[in-house]
Amino acid sequence: MDFQTLWDFVSERRQQLLTDSYLHVSAVVQSVVIAGVIAALIGIAVYRSPIGSAVATGLASTVLTLPSFALLGLLIPILGLGVAPTVTALVLYGLLPIIRNTIIGLAAVDPAITDAARGVGMNRLRVLGRIELPLAWPSILAGIRVSTQMLMGILAIAAYAKGPGLGNLIFSGLSRVGSPTAVPQALTGTVLIVILALVLDGLLVLLGRFTTPRGLRD
């Protein structure tokens, strides 16, 4: 395969590549948002309990031991093909980094700060929302970044379950090895996933710059 063949393929499929790229990013972002909310709630619930923290991270870690094909295979009979099993699998895979970093971030908050906040009349929820979570946010965001990068790659495998995104392009290319368009398809899908993952990570870095308290920035 030469560069001209690859360029011709990209030029001819430009609209389809844009659509698949959008669907890929959309599925990952939605899954990370759902996983982030669930993981943050779990982290908030257990971070004061060593046993609860160990159980939560242990269960989330168990999911990562399951191969993507196996998890999708378990979900397809229940949820069918398409978006539902894909997003469910991505959410499950995205939990661990965010749960772990939420627990670490909240546990690292200086007790003297929270005691002082309670001393001036703040209740538990106000201390959590105005003191602990803002201080833990850089750690939580780091977990979100890890989950996002991980899910960008895992989503490619979800083409097995007829999921959206660039994985369909890669699978189509691999299934047609020997044809003129096989390598351009697989290579284009792979490169686009890498590029989109870097773009999303850059956007999350910018988000951190705008949302992290000034004194906690690097």
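Residues numbered from 1 in each chain as written. Predicted model: local features only at pLDDT ≥ 70, side-chain atom pairs only at ≥ 80, totals over all residues. Heavy atoms only, no water.

Participant: Tell me about the overall build of the protein chain, residues and numbers included.
Facilitator: Secondary structure summary: the protein chain contains nine helices and zero strands in total. Reading the helices (α) and strands (β) of the protein chain from amino to carboxyl end gives α-α-α-α-α-α-α-α-α. Summarising its shape, the C-alpha atoms of the protein chain cover approximately 70 × 40 × 20 Å along the three principal directions. Sorting the 218 residues of the protein chain into buried and exposed places 43% on the buried side. Restricting to contacts in the protein chain with at least 6 residues of sequence separation, those with at least 24 account for 75%. (Helix = DSSP H or I, 4+ residues; strand = E, 2+ residues; numbered from the N terminus. Buried < 20%, exposed > 50% of the residue type's maximum accessible area, 1.4 Å probe, protein only. Contact = heavy atoms within 4.5 Å.)

Participant: Can you explain the packing of aromatic side chains? Please cite residues and give values.
Facilitator: Taken as a whole and assessed by the stated rule, the structure comprises one aromatic pair. Ring centres of phenylalanine 69 and phenylalanine 171 lie 6.4 Å apart, and the angle between their planes is 55 degrees; on these two criteria the pair is classed as tilted. With phenylalanine 69 in helix α4 (residues 68-79) and phenylalanine 171 in helix α8 (residues 167-175), this residue pair connects regions lying 102 residues apart in the sequence. Taking the relative accessible area as the measure of exposure, phenylalanine 69 reaches 41% and is therefore partly exposed. (Phe/Tyr/Trp six-rings, centres within 6.5 Å; stacked < 30°, edge-to-face > 60°.)

Participant: Before we move on, can you summarise the side chain of serine 139 with the specific residues and values?
Facilitator: Inspection of the secondary structure puts serine 139 in helix α7 (residues 124-157). Once residues lying within four places of it in the same chain are set aside, the contact partners of serine 139 are Asn101, Ile104 and Gly105.

Participant: Explain a nonpolar patch on the surface to me, and be specific about the residues and the numbers.
Facilitator: Together, Val183, Leu187, Val191, Ile195, Val199, Leu203, Leu206 and Phe210 line one region of the surface with nonpolar side chains, adding up to about 750 Å² of accessible area. Within the element layout of this structure, valine 183 appears in helix α9 (residues 182-211). (Patch = residues over 30% accessible without salt bridge, like charges linked within 9 Å, V, L, I, M, F, W, Y side chains within 5 Å. Areas by Shrake-Rupley, 256 points an atom, 1.4 Å probe, with all protein chains shown as cover. Salt bridge = Lys/Arg side-chain N within 4 Å of Asp/Glu carboxyl O.)

Participant: Describe the packing of α8 against α9, and please don't skip the residues or the numbers.
Facilitator: The geometry of α8 relative to α9 is characterised by a closest axis approach of 7 Å and an angle of 155 degrees between their N-to-C directions. Classified by the angle between their axes, α8 and α9 sit roughly antiparallel to one another. Where α8 crosses over α9, the two elements pack in a sense that is left-handed. Here Leu169, Ile170, Ser172, Gly173 and Leu174 of α8 lie close against α9, whose contacting residues are Ala182, Gln185, Ala186, Thr188, Gly189, Thr190 and Ile193. A per-class count over the contact of α8 with α9 returns six nonpolar, six polar and no charged. (Axes fitted to C-alpha atoms, helices over the stretch in contact; angles between N-to-C directions. Parallel < 35°, antiparallel > 145°, perpendicular 65-115°, else oblique. Left-handed = near helix turned anticlockwise from the far one by under 90°. Nonpolar A, V, L, I, M, F, W, Y, C, P; charged D, E, K, R; others polar.)

Participant: Summarise the pattern of salt bridges; cite the residues concerned and give the values.
Facilitator: Considering all chains together, one arrives at four salt bridges under this definition. The partner of arginine 118 in a salt bridge is aspartate 115, and the shortest N-O contact between them spans 3.6 Å. In this pair, arginine 118 and aspartate 115 are both assigned in helix α6 (residues 111-119), three residues apart and thus about one turn of the helix distant. Aspartate 201 is the salt-bridge partner of arginine 145, the closest N and O atoms lying 2.8 Å from each other. Linking arginine 145 in helix α7 with aspartate 201 in helix α9, this pair joins segments that are 56 residues apart in sequence. Residue classification places aspartate 201 among the buried positions, given a relative accessible area of 18%. Within this structure, Arg48, Arg124 and Glu132 form a network of salt bridges that share partners.

Participant: Got a sec to walk through the UniProt feature "transmembrane region" (unreviewed entry) in the protein chain? Specific residues and values, please.
Facilitator: If you check UniProt for "transmembrane region" (unreviewed entry), the listed places come out as residues 22-47, 59-84, 90-114 and 181-207 in our numbering. Measuring from the first to the last C-alpha atom of residues 22-47 gives 36 Å, for a span that is 96% helix and 0% strand. The annotated region residues 90-114 carries 88% helix and 0% strand content, and the separation between its end C-alpha atoms amounts to 35 Å. (UniProt positions renumbered as here; feature names shortened; annotations may be inferred.)

Participant: Which residues make up the packing of helix α3 (residues 50-64) against helix α5 (residues 83-107), and what are the values?
Facilitator: One can describe the packing of α3 onto α5 by two numbers: an axis separation of 8 Å at closest approach and a directional angle of 150 degrees. Classified by the interaxial angle, the pair formed by α3 and α5 is roughly antiparallel. In terms of crossing hand, the pair formed by α3 and α5 is left-handed. From α3, Ser53, Ala56, Thr57, Ala60, Ser61, Val63 and Leu64 reach across to α5, where they touch Leu92, Tyr93, Leu96, Ile99, Arg100 and Ile103. Its residues assigned to classes, the contact of α3 with α5 shows nine nonpolar, three polar and one charged.

Participant: Pulling in residues and values, what's your account of α5?
Facilitator: Helix length check: α5, at 25 residues, gives a terminal C-alpha distance of 36 Å against a target of 36 Å (1.5 Å per residue), a fit within 8%. Along α5, the sharpest change in direction is near 35 degrees and occurs at leucine 95; proline proline 97 comes one to four residues later. By the criterion of burial, α5 is predominantly enclosed, with 18 of the 25 residues buried. (Expected span 1.5 Å × (residues − 1). Bend = angle between axes of the 7 residues up to and from the residue.)

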